[in-house]
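These are the residues of each chain, in order.
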Amino acid sequence: MSEMQDYVDSVLARLEKENPEEKQFHNTVKKAFNTLVPVLEKNPKYKAEKILERFVEPERVVMFRVPWTDDNGELQINRGWRVQMNSAIGPYKGGLRFHPSVSVDILKFLAFEQTFKNALSGLPIGGGKGGSDFDPHGKSDKEVMRFCQSFMTELVRHIGPHTDVPAGDIGVGGREIGYLFGQYKRIRDAYDDAVLTGKGLNFGGSLARTEATGYGLLYFVKDMLDAHGYDIKGKTVVVSGSGNVATYAIEKAQEYGAKVVTCSDSNGYVYDTEGIDLDIVKDIKQVKRGRIKEYAERKSSAEYHEGCSGVWSVKCDIALPCATQGEISLESAKKLVANGVKAVGEGANMPSVIEAIDYFQKNGVWFAPAKAANAGGVSVSALEMSQNSERLSWTFEEVDKKLHDIMDNIYKNAAMNAKKYSDPDDLVAGANITGFLKVADAMIAQGWV
Ligand code: NDP
């Protein structure tokens, strides 16, 4: 075994020993660091500067109590966190997630991924992630407002336009960002609009932010397919999720002439042989905040199936997981490959388990990893910060054009480093290496901090 593989293994062993409960974080770090061995071999300075040891230790983790009252006047208590992972290339930047599954383990793995992703975007943003185990489902607007106000009452001490700039993620959309911003402004008595991104358009939000992750995914996937001379037009696409990322991934895939046949939520999925009617999905999920099951009641060509994982047994050319982490198991990956899938593009964060990614790559499936393919959202968030600083708003077309250029560059750089250090089709390695080099060199330049 090489000296640098030993170095990686020793950092991983220490990480597991010091944080025995954080399995998702270990797995994510392991997958990323193993792809860096060729870079470490060519550049011994990273080992000498203990860059891997520093990469896995967040600069700061804040955990706090969030008390709020429900509509019956009863006191409820949730937990809040902010993981400030790495600020070598800019203020911490990453979403807030409100979901019962949120834990420090999940937030550390997401913040670690975010550090690479933000570096890949080419924009000056560091990595962070935060959230709460609060579940907004079934809560009234006023309950969500009171929760957000309480959450921000503590978070306000730790964020700022030059320190840490949160955004939305699962369970945190425009409504929640509005409430969070209102409370921040009230406490700080300052219109720091660049302190949160994903804001409403009438108070500093950017056009095309809503569409950015889904559109960006398709820009990246199309670059990957073009490189193999494979035309997306007319191809069958399976999408999971029906939230922000899924909706705009479906929209752009349809614009490119693909036929999207599924979407899902956490209860089940719909399969529409005629192709998904996005207006119906938007009406159910965005206007009525309903369940995807209702789609099949409104469209006769569609079937509804209980359970989410069945979506991966639908035959397709391209699969776009856009719901949540770990949604493609090894078993699901085997089904997709057996059904002839050519490409997988990750819209959600880490939706494929490590064994599934290995299986795709061993079976010649072109694989677009989340940290590169879904970087469109955070990229437009950074463009929102630029517009706030300039006190200007750019048109939809200007932002969309910049987004497209950013995604093209991410693809180009990941493909270049894949070719230089690994297998040319290994965009997982290519993306990790590109992000790592940028952050690691900035860390070295800033000394032992
Ligand atoms: P939303 O909350 O808008 O949508 C999430 C969707 O996934 C919903 O349809 C939800 O269904 C479904 N879902 C949630 N949990 C599960 C589960 N366990 N199994 C199956 N489906 C599930 O979130 P986003 O679309 O914003 O985010 C989706 C993913 O993309 C996340 O991994 C997020 O971290 C990632 N991401 C998001 C970005 C953004 O800009 N929004 C940027 C980069 C990454 P239900 O309605 O039942 O909850």
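Structure shown above.
This one's a predicted model, so the numbers in the text were calculated from it and none came from an experiment.

With reference to specific residues and values, describe the site of the ligand.
What surrounds the ligand is a group of 25 residues, the closest being Asp169, Thr213, Ser266, Arg291 and Asn349. Asn349 is positioned with one of its side-chain polar atoms (N or O) 2.8 Å from an oxygen atom of the ligand. Within the complex, the protein chains bury 84% of what would otherwise be the 890 Å² of accessible surface of the ligand. Of all the secondary-structure elements, those providing two or more residues to the shell around the ligand are helix H9 (209–227) and helix H10 (244–255). Considered class by class, the residues forming the shell around the ligand number six nonpolar, 13 polar and six charged.

Lay out the packing of H9 against helix H17 (residues 396–421) in plain terms, naming residues and giving numbers.
Running from N to C, H9 and H17 point in directions that differ by 45 degrees, and their axes come no closer than 9 Å. Here H9 is positioned oblique relative to H17, judged by the angle of their axes. Read as a crossing pair, H9 and H17 show a hand that is right-handed. Contacts between H9 and H17 pair Glu211, Ala212, Tyr215, Gly216, Tyr219, Phe220, Asp223, Met224 and Ala227 from the former with Phe396, Asp400, Leu403, His404, Met407, Asp408, Ile410 and Tyr411 from the latter. A class-by-class count of the residues in the contact of H9 with H17 yields eleven nonpolar, two polar and four charged.

So, helix H16 (residues 376–390): which residues are in play, and what are the values?
The terminal C-alpha atoms of H16, which comprises 15 residues, lie 21 Å apart, in line with the 21 Å expected from a rise of 1.5 Å per residue. Across the 15 residues that make up H16, a large majority, twelve, are buried. Buried residues of H16: Gly376, Gly377, Val378, Ser379, Val380, Ser381, Ala382, Leu383, Glu384, Met385, Gln387 and Asn388, and no others. Close packing links the buried residues of H16 with strand S3 (92–98), helix H6 (104–120), strand S5 (164–167), H9 and H17. Phi turns positive, to about 55 degrees, at Arg391, one or two residues after H16.

Residue-level account of the packing of aromatic side chains, with values.
The tally for this structure, following the rule as stated, stands at 22 aromatic pairs. Arranged with centres 5.3 Å apart and planes meeting at 55 degrees, the rings of Phe64 and Phe151 form a pair that is tilted. Here Phe64, found in strand S1 (residues 60–69), pairs with Phe151, found in helix H7 (residues 141–155); they are 87 residues apart in sequence, far enough to count as distant. Overall, Phe64 belongs to the buried group, its relative accessible area being 7%. Using a relative accessible area of 0% as the deciding quantity, one classes Phe151 as buried. Three or more aromatic residues joined by ring pairs make a cluster, and in this case those are Phe25, Phe33, Tyr46, Phe55, Phe112, Phe116 and Phe436.

I'd like a description of the side chain of Glu176, backed by residues and values.
Along the chain, the position of Glu176 falls in helix H8 (residues 174–188). At 2.8 Å, the side chain of Glu176 and the backbone nitrogen of Gly173 are in polar contact.

I'd like a description of the pairing of strand S6 (residues 236–240), backed by residues and values.
The buried fraction of S6 is high, at four of five residues. Bridging between S6 and strand S7 (residues 259–260) involves two bridges; their strand directions are parallel. Residue pairing for S7: Val237 is matched across the bridge by Val260. Handedness of the β-α-β unit built from S6, H10 and S7 comes out right-handed. Looking at chain direction, S6 and strand S11 (residues 318–321) are connected through four bridges and run parallel. What sits directly across from Val239, in S11, is Leu320.

Got a sec to walk through the packing of H9 against H16? Specific residues and values, please.
When two helices pack together, their arrangement is given by the angle between their axes and by how far apart the axes lie. The contact between H9 and H16 brings their axes to 7 Å, and the two run at 145 degrees. Considering the relative orientation of H9 and H16, their crossing is right-handed. Each of Arg209, Ala212 and Thr213 in H9 lies in contact with H16, whose residues at this interface are Gly376, Gly377, Val380, Ser381 and Glu384. For the contact of H9 with H16, a count of residues per class yields two nonpolar, four polar and two charged.

Quick rundown of the environment of Glu74? Include the residues and the values.
Locating Glu74 in the fold gives a position in the loop between S1 and strand S2 (75–86). With relative accessibility at 48%, the residue Glu74 sits in the partly exposed group. As a C-alpha pair, Glu74 and Gly435 span 361 residues in sequence and 46 Å in three-dimensional space.

Could you give an account of the pairing of S2, naming the residues involved and the relevant values?
Of the pairings in the sheet, the one linking S1 to S2 comprises ten bridges and is antiparallel in character. Residue pairing across strands places Val61 opposite Val83, the latter belonging to S2. Taken together, S1 and the strand that follows it, S2, pair antiparallel across an intervening segment of five residues, in which Gly73 is found at a positive phi of about 80 degrees. With six bridges connecting them, S2 and strand S4 (residues 126–132) associate as antiparallel partners. Each bridged residue has a counterpart across the sheet, and for Gln84 the counterpart in S4 is Gly128.

Tell me about the sheet that holds S4, residues and numbers included.
Taken together, the five strands give an open sheet; going across it, the order is S1-S2-S4-S3-S5, and neighbouring strands pair in mixed fashion. In the strand order of this sheet, the two ends are held by S1 and S5, each with one partner. On average, each strand axis in the sheet is inclined to that of its neighbour by 20 degrees, with strand direction left out of account.

Calculation criteria
Residues numbered from 1 in each chain as written. Predicted model: local features only at pLDDT ≥ 70, side-chain atom pairs only at ≥ 80, totals over all residues. Heavy atoms only, no water. Near = heavy atom within 4 Å. Polar contact = N/O pair within 3.5 Å; in protein donor to acceptor, adjacent residues only side chain to side chain. Areas by Shrake-Rupley, 256 points an atom, 1.4 Å probe, with all protein chains shown as cover. Helix = DSSP H or I, 4+ residues; strand = E, 2+ residues; numbered from the N terminus. Nonpolar A, V, L, I, M, F, W, Y, C, P; charged D, E, K, R; others polar. Axes fitted to C-alpha atoms, helices over the stretch in contact; angles between N-to-C directions. Parallel < 35°, antiparallel > 145°, perpendicular 65-115°, else oblique. Left-handed = near helix turned anticlockwise from the far one by under 90°. Contact = heavy atoms within 4.5 Å. Expected span 1.5 Å × (residues − 1). Buried < 20%, exposed > 50% of the residue type's maximum accessible area, 1.4 Å probe, protein only. Phe/Tyr/Trp six-rings, centres within 6.5 Å; stacked < 30°, edge-to-face > 60°. Pairing = 2+ DSSP bridges. Right-handed = clockwise from strand over helix to strand, strands pointing away.

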